[in-house]
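Chain residues, written in single-letter form:
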Amino acid sequence: QVQLVESGGGLVHPGESLTLSCTAPGSIFSISALGWYRQAPGKQRELVAIITRGGITTYADSVKGRFTISRDNVKNTAYLQMNNMKPEDTAVYYCYVRPWVAGTRDAYWGQGTQVTVSS
């Protein structure tokens with residue numbers, strides 16, 4: 001069973017920072033694109049950021065300039081650094097791992113971690 005271990009969620013005040021981590025098995029991490037999704041109450045799950053196997057990043061417009069996705073291929077860990085957080089960032093954040101294996105469509109999700117931004 002492939003398990004993604006997320007950590008780093010919590011409650012912060014507007015303007016503060018928080019960093020999420022997601023660790024995946026080494027057997028798939030290095031060949032995978034990684035993403036962070038979030039789902040706020042009453043809203044659909046949305047892509048926040050993605051980083052390819054080669055380190056190319058893409059961000060949702062709502063987080064550009066504030067969030068940074070990165071990967072450590074030695075520690076097999078993906079990060080989402082969230083700066084200048086806003087109340088609208090409140091959501092459950094999910095790590096997504098998509099190995100690139102020819103002929104497969106495997107994908108894995110983290111358990112989700114709650115992030116709350118409140119005064």
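The preceding data block contains the structure.
Nothing here was measured: the structure is a model prediction, and the numbers come from that model.

Student: In this structure, what is going on with the overall build of the protein? I would like to understand it.
Tutor: Secondary structure assignment for the protein yields 1 helix and 11 strands. Reading the helices (α) and strands (β) of the protein from amino to carboxyl end gives β-β-β-α-β-β-β-β-β-β-β-β. Taking 2.2 N^0.38 as the reference for a compact globule, 119 residues should give roughly 14 Å; the C-alpha atoms of the protein span a radius of gyration of 14 Å, in line with that estimate. Overall, the protein is about 45 × 25 × 25 Å in size when its C-alpha atoms are taken along their principal axes. If you take every contact in the protein between residues at least 6 apart in sequence, the share linking residues at least 24 apart comes to 55%. Taken as a whole, the protein presents about 6,400 Å² of accessible surface, with 50% of it coming from carbon and sulfur. Separation of charge centres in the protein, based on 11 positive and 8 negative side chains, amounts to 6 Å.

Student: Just checking my understanding: could you explain the pattern of salt bridges for this structure?
Tutor: If the charged atoms of two oppositely charged side chains come close together, the side chains can form a pair. Considering all chains together, one arrives at 4 salt bridges under this definition. Two residues, Glu46 and Arg38, come together in a salt bridge whose shortest N-O distance is 2.8 Å. Owing to a relative accessible area of 5%, Arg38 belongs among the buried residues under this scheme. Linking Lys64 and Asp61 is a salt bridge whose minimum nitrogen-to-oxygen distance equals 3.0 Å.

Student: Is there a simple way to explain the sheet that holds strand E7 (residues 67–72) in this structure?
Tutor: The strands that make up a sheet are held in pairs by hydrogen bonds between backbone atoms, and each pair lies either parallel or antiparallel. What the 4 strands build is an open sheet, ordered E1-E3-E8-E7; its pairing is antiparallel. Of all the strands in the sheet, just strand E1 (5–7) and E7 have a single pairing partner and so form its edges. Put simply, the sheet's adjacent strands are angled 15° from each other on average, direction ignored.

Student: How do you make sense of the environment of Asp106 when you look at a structure like this?
Tutor: Along the chain, Asp106 falls in the loop between strand E9 (91–99) and strand E10 (108–109). Taking the C-alpha atoms as reference points, Asp106 and Ala60, separated by 46 residues in sequence, lie 23 Å from one another. Those residues in contact with Asp106, other than ones at most four positions away along the chain, are Arg98 and Pro99.

Student: In this structure, what is going on with the state of the cysteines? I would like to understand it.
Tutor: In a disulfide, the sulfur atoms of two cysteines are held together by a covalent bond. A complete count under the given rule lists 1 disulfide for this structure. Between Cys22 and Cys95 runs a disulfide, and the two sulfur atoms are separated by 2.1 Å. Disulfide Cys22 to Cys95: torsion about the S-S bond roughly -85°, handedness left-handed. Here Cys22, found in strand E3 (residues 18–23), pairs with Cys95, found in strand E9; they are 73 residues apart in sequence, far enough to count as distant.

Student: Help me understand the pairing of E7, please; the structure alone is not making it clear to me.
Tutor: In regular strands, side chains alternate between the two faces of the sheet. On E7, burial follows the alternation: Phe67, Ile69 and Arg71 on one face are buried, whereas Thr68, Ser70 and Asp72 on the facing-out side are not. As judged from the 6 bridges shared by E7 and strand E8 (residues 77–82), these two strands associate in the antiparallel manner. Bridge pairing in E8 links Ser70 to Tyr79.

Conventions and cut-offs
- Residues numbered from 1 in each chain as written.
- Predicted model: local features only at pLDDT ≥ 70, side-chain atom pairs only at ≥ 80, totals over all residues.
- Heavy atoms only, no water.
- Helix = DSSP H or I, 4+ residues; strand = E, 2+ residues; numbered from the N terminus.
- Rg over C-alpha atoms; globule rule 2.2 N^0.38 Å.
- Contact = heavy atoms within 4.5 Å.
- Areas by Shrake-Rupley, 256 points an atom, 1.4 Å probe, with all protein chains shown as cover.
- Lys, Arg positive; Asp, Glu negative; His and termini not counted.
- Charge placed at Lys NZ, Arg CZ, Asp CG, Glu CD.
- Salt bridge = Lys/Arg side-chain N within 4 Å of Asp/Glu carboxyl O.
- Buried < 20%, exposed > 50% of the residue type's maximum accessible area, 1.4 Å probe, protein only.
- Pairing = 2+ DSSP bridges.
- Axes fitted to C-alpha atoms, helices over the stretch in contact; angles between N-to-C directions.
- Disulfide = S-S within 2.5 Å.

Structural measurements only, silent on function.
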